[in-house]
Amino acid sequence: MTGFAHTLRAECAADWQACCQHRFVDELFAGSLDDAHLRQYLVQDYQFIDRFVALLGAAIASADQFAARVTLAQFAAMITSDENTYFIRSFDTLGVPAGERLSPALKPETTAFQALMREAADSRQYANALAVLCVAEGLYLDWADVPGRALPPRFEHAEWITLHANDFFRGFVAWLRSELDRVALTLPAAQQDEARRFFHRAVACERAFFDGVYD
Ligand SMILES: Cc1ncc(CN)c(N)n1
């Protein structure tokens, strides 16, 4: 495999692997993730999703082609429907009150990730937005999409896996990677390096986000 997206992932291999083999992932698949940890993760992740959808909007605005805007908008539609209702149903099941769903106290890992996404969006550079999207979705595909691995019984665990391991999601991540490759080829070295730094920082944020579940 070649290309910018693949190179960047290889540069971050240690943190990437640490995420894919994280205790959170193992407990999620085993169905042994306790409700306190799951609840903490989902409450913080809902705030991640808020900035993530804003980043998708920035990617839609800064894309250089209509076809890319369509693909990104279709993905945003999935996040704001199927994925959003997963959060709401999980919050209902876990008894999370409205205040915690909408404006919880933010952990430092969440604030850091939100700041990174805001920075990428505010740069108005399509490649920077793509770099962060490639991490956020590529890394989740890599830990979730394990053929033959059994799903846990509770929907709060199983659906968080299947939302990131299905044909639509696979296709979107493949597109994101090829799109980052395509756009990188058009960039001067300084802008490629900027996108590279966003990618690296996003991988570090992902690892810190999983680690933060167990603080
Ligand atoms: C922190 C984080 N990173 C990525 C994803 C995948 N959508 C997520 N929900 N949360």
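Keep in mind it's a predicted model, so treat the numbers as computed, not measured. (Residues numbered from 1 in each chain as written. Predicted model: local features only at pLDDT ≥ 70, side-chain atom pairs only at ≥ 80, totals over all residues.)

Q: Talk me through the overall build of the protein chain; I want residue IDs and the actual numbers.
A: Looking only at helices and strands, the protein chain features eleven helices and zero strands. Expressed as lengths along the three principal axes of its C-alpha atoms, the size of the protein chain is roughly 50 × 35 × 30 Å. Here the protein chain, with 215 residues, has 33% of them falling under the buried criterion. (Helix = DSSP H or I, 4+ residues; strand = E, 2+ residues; numbered from the N terminus. Buried ≥ 20, exposed ≤ 12 C-beta atoms within 10 Å, placed from the backbone.)

Q: So what's going on with the site of the ligand? Residues and values would help.
A: Taken together, the neighbourhood of the ligand is formed by Asp45, Phe48, Ala136, Glu137, Tyr140, Glu206 and Phe209. Mapped onto the shell around the ligand, the elements with two or more residues apiece are α4 (35–62), α8 (126–144) and α11 (189–212). Looking at which element gives the most residues to the shell around the ligand, the answer is α8, with three residues. For the shell around the ligand, the class distribution of residues is four nonpolar, no polar and three charged. (Near = placed C-beta within 6 Å. Nonpolar A, V, L, I, M, F, W, Y, C, P; charged D, E, K, R; others polar.)

Q: Residue-level account of the nonpolar core, with values.
A: Counting residues in hydrophobic clusters, the biggest one holds 56 residues, and the most contacted among them are Leu55, Leu130, Ala131 and Val132. Looking at which element gives the most residues to this core, the answer is α8, with 14 residues. Those residues in contact with Ala131 that sit more than four places away from it in its chain are Leu180, Ala195, Phe198, Phe199 and Ala202. (Core = buried A, V, L, I, M, F, W, Y, C linked by C-beta atoms within 7 Å. Contact = placed C-beta atoms within 7 Å.)

Q: Give a detailed account of the UniProt feature "active site" (unreviewed entry) in the protein chain, specifying residues and quantitative values.
A: Mapped onto this numbering, the UniProt entry gives "active site" (unreviewed entry) at Glu206. Tracing the sequence through the fold places Glu206 in helix α11. Those residues within four positions of Glu206 in sequence are excluded, and the remaining contacts are Cys19, Val135 and Leu139. (UniProt positions renumbered as here; feature names shortened; annotations may be inferred.)

Q: How would you summarise unusual backbone geometry if you had to cite specific residues and measurements?
A: Even without being glycine, Arg124 reaches a positive phi, approximately 55°. Along the polypeptide, Arg124 turns up in the loop between α7 (108–122) and α8.

Q: Residues and numbers for α7, please.
A: Here α7 is 15 residues long and its end C-alpha atoms lie 21 Å apart, about the 21 Å a rise of 1.5 Å per residue gives. What α7 keeps buried is the set Glu109, Thr110, Phe113, Leu116, Met117, Ala120 and Ala121. The buried residues of α7 occupy an angular sector of 135° when the element is viewed end-on, so they sit on one face. Among the exposed residues of α7, those oriented more than 90 degrees off its buried face are Pro108, Thr111 and Asp122. Against the buried residues of α7 lie α4, α8 and α11. One or two positions beyond α7, positive phi appears at Arg124, with a value near 55°. (Expected span 1.5 Å × (residues − 1). Arc of directions from axis to C-beta.)

Q: Could you give an account of the packing of α8 against helix α10 (residues 167–185), with specific residues and numbers?
A: Two quantities define a packed helix pair, namely the angle between the axes and the distance from one axis to the other. At a minimum axis distance of 9 Å, the contact between α8 and α10 shows a crossing angle of 145°. α8 and α10 meet at a crossing whose hand is left-handed. Each of Tyr126, Ala127, Leu130, Ala131, Leu133, Cys134, Glu137, Gly138 and Leu141 in α8 lies in contact with α10, whose residues at this interface are Phe169, Arg170, Phe172, Val173, Leu176, Arg177, Glu179, Leu180, Val183 and Ala184. Among the residues making up the contact of α8 with α10, the classes are represented as 14 nonpolar, one polar and four charged. (Axes fitted to C-alpha atoms, helices over the stretch in contact; angles between N-to-C directions. Left-handed = near helix turned anticlockwise from the far one by under 90°.)

Q: Which residues make up the environment of Pro152, and what values go with them?
A: Structurally, the position occupied by Pro152 is in the loop between α8 and α9 (155–162). We classify Pro152 as partly exposed; it has 18 C-beta atoms within 10 Å. Taking C-alpha positions, Pro152 is 7.5 Å from Leu28, a pair spaced 124 residues apart along the chain. Apart from residues no more than four positions distant in its own chain, Pro152 is found in contact with Phe29, Ala30, Gly31, His157 and Ala158.

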